[in-house]
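Letter by letter, the chains look like this.
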Amino acid sequence: MYNGVGVQTARGTGTNGYVQANLSHVMLSRKRVDYNADADLARNEAMLTKKPDEAMIEHSRKRAVEVKCTEFEMLMESKGFEPEEIEKKVGDYRKVLLSQLANGELNVDDELDAKNSHVKQLNAMGERDRFRSAFGIKEDYVPGSSMQNMNPTLPDLNAVVETDDKKALLELKAKKKADKKLRKKLKKEKKKQKKREKKEKAARKEREAQKEKDKSKKRRKDSSSDSSSASDSESSSSSSSDSEDERRRRKRKEARRPEKEVKKEVDSDDEGTRRRNR
């Protein structure tokens, strides 16, 4: 048993009696975190833009000055100066360094302890200043005011922040909601327009296909009419050829008749003419 957890004796449990936590068990109710986007963003922004304590930074600078003084004292001791003279010269050196530090002539920020939280904040502030100067961002810049040029319908955020008027902030929120609604409407209209364009394209394709079918039908009809005219011409040519064949046959038959039949026909013709003359 440990901290009131477990059994008093391991006898009969089939275990060694060692009590340990079940690390695979997840307690969702305990580990659930309620996120608040606005509050979290404000907290993170405050942490990032937090300024260091000037008193602590000044104390760290004085410590750096004191380190320089101790180094000077150790140097004089190594050279064999007397303690009274060392103390006097070190005091004078300390006064000079402190006066230079106060006037801004001496910069010991690079020699400060980088592990100190206030020093870290000081370095971060310097990096932000360099970033602002590189991009030409002013110190009185308000985040989000650059969107004013992109969307002129929005009110001026700088004026809103300066006046700190609740009505203006409420109007700004209402304007943002209206802009969101307009964007949603525009998206819906774009979707509808795309659907219409798709339907029109499908209708055009169907019309083109129907036209192609009609053209193919006309071509078939023309080809069938051409074939019928060709068959008629062939039949007429065949009939004309048949009539010519019959004429040739008749001529051949007449040529094959005997001369007597021809004479009889001639005589009969002569008698008919005579009778007419009479």
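Calculation rules
Per-chain numbering applies: the sequence of each chain, read as written, is numbered from 1 onward. For a predicted model such as this one, the threshold for reporting local features is a pLDDT of at least 70, and the threshold for listing and counting side-chain atom pairs is 80 or more; totals across whole chains, interfaces and linings nevertheless cover every residue. Excluded from the side-chain calculations are hydrogens and water; all other atoms, namely the structure's heavy atoms, are used. UniProt positions are given in the numbering used here, feature names are shortened, and annotations may be inferred rather than shown by experiment. Numbering of helices and strands runs from the N terminus; a helix is a DSSP stretch of H or I covering at least four residues, while a strand is a stretch of E covering at least two. Expected span of a helix, by definition, is 1.5 Å for each gap between consecutive residues, and there is one gap fewer than residues. Buried, partly exposed and exposed residues are distinguished by accessible area as a fraction of the type maximum, computed with a 1.4 Å probe on protein chains only: under 20%, between the cut-offs, and over 50%, respectively. The contact criterion used throughout is that any non-hydrogen atoms of two residues lie within 4.5 Å. In plain words, nonpolar cores are sets of buried Ala, Val, Leu, Ile, Met, Phe, Trp, Tyr and Cys residues tied together by side-chain atoms within 4.5 Å. Each patch is built from residues lacking any salt bridge and having more than 30% relative accessible area; the joining distance is 9 Å for like charges and 5 Å for nonpolar side chains (Val, Leu, Ile, Met, Phe, Trp, Tyr). Residue exposure ignores everything except the shown protein chains as possible cover, and the areas themselves are Shrake-Rupley values with a 1.4 Å probe. One speaks of a salt bridge when a side-chain nitrogen belonging to Lys or Arg is within 4 Å of a carboxyl oxygen belonging to Asp or Glu. The angle between two axes is taken between their N-to-C directions and runs from 0 to 180 degrees, where each axis is a line fitted to C-alpha atoms and a helix contributes only its stretch in contact. For classification, angles of less than 35 degrees are called roughly parallel, those exceeding 145 degrees roughly antiparallel, those between 65 and 115 degrees roughly perpendicular, and all remaining angles oblique. Take the far helix as the reference: if the near one is turned anticlockwise from it by less than a right angle, the crossing is left-handed, and if turned clockwise, right-handed. Polar here means any residue outside two lists: the nonpolar Ala, Val, Leu, Ile, Met, Phe, Trp, Tyr, Cys and Pro, and the charged Asp, Glu, Lys and Arg; Gly therefore counts as polar.

The chain has the name CWF21 domain-containing protein in an unreviewed UniProt entry, where Mesorhabditis spiculigera is given as its organism. Annotation of the chain in UniProt includes, under Sequence similarities (unreviewed entry), the sentence "Belongs to the CWC21 family." According to UniProt, the comment filed for the chain under the heading Subcellular location (unreviewed entry) is "Nucleus".

Enquirer: How should I be thinking about helix α3 (residues 54-79) in this particular structure?
Expert: Counting along an α-helix, one turn takes 3.6 residues, and residues three or four places apart therefore face a common direction. Compared with an ideal rise of 1.5 Å per residue, which puts 26 residues at 38 Å, α3 spans 38 Å between its outermost C-alpha atoms and is within 8% of the ideal. By the burial criterion, the buried members of α3 are I57, S60, R61, A64, V65, C69 and M76. The inward-facing, buried residues of α3 contact α4 (83-103) and α5 (117-135). One or two positions beyond α3, positive phi appears at G80, with a value near 95°.

Enquirer: Looking at this model, I keep getting lost on the nonpolar core. Mind explaining?
Expert: Side chains of nonpolar character tend, in soluble globular proteins, to be buried together. Core analysis: the biggest nonpolar cluster contains 14 residues, and V65, C69, L97, L106 and V108 have the highest contact counts within it. The set of elements that each furnish at least two residues to this core consists of α3, α4 and α5. Looking at which element gives the most residues to this core, the answer is α3, with five residues. Discounting residues that sit within four places of it in the chain, V108 has contacts with R61, A64, K68 and L101.

Enquirer: When you look at a nonpolar patch on the surface in this model, what are you seeing that I'm missing?
Expert: Taken together, the side chains of F131, F135, I137 and Y141 make up a nonpolar region of the molecular surface, amounting to roughly 410 Å² of accessible area. Here F131 shows up in helix α5.

Enquirer: Looking at this model, I keep getting lost on the packing of α3 against α4. Mind explaining?
Expert: For any two helices packed against each other, the geometry is given by the interaxial angle and the distance between the axes. With their axes 10 Å apart at the nearest point, α3 and α4 run at an angle of 150° to one another. In terms of orientation, α3 and α4 fall into the roughly antiparallel class. Helix-helix and strand crossings are classified by hand; for α3 and α4 the assignment is right-handed. Between α3, through E58, R61, K62, V65, E66, K68, C69, F72, E73, M76 and E77, and α4, the contact on the second element is made entirely by E85, I86, K89, V90, Y93, R94, L97, L98 and L101. Here the residues of the contact of α3 with α4 sort into ten nonpolar, no polar and ten charged.

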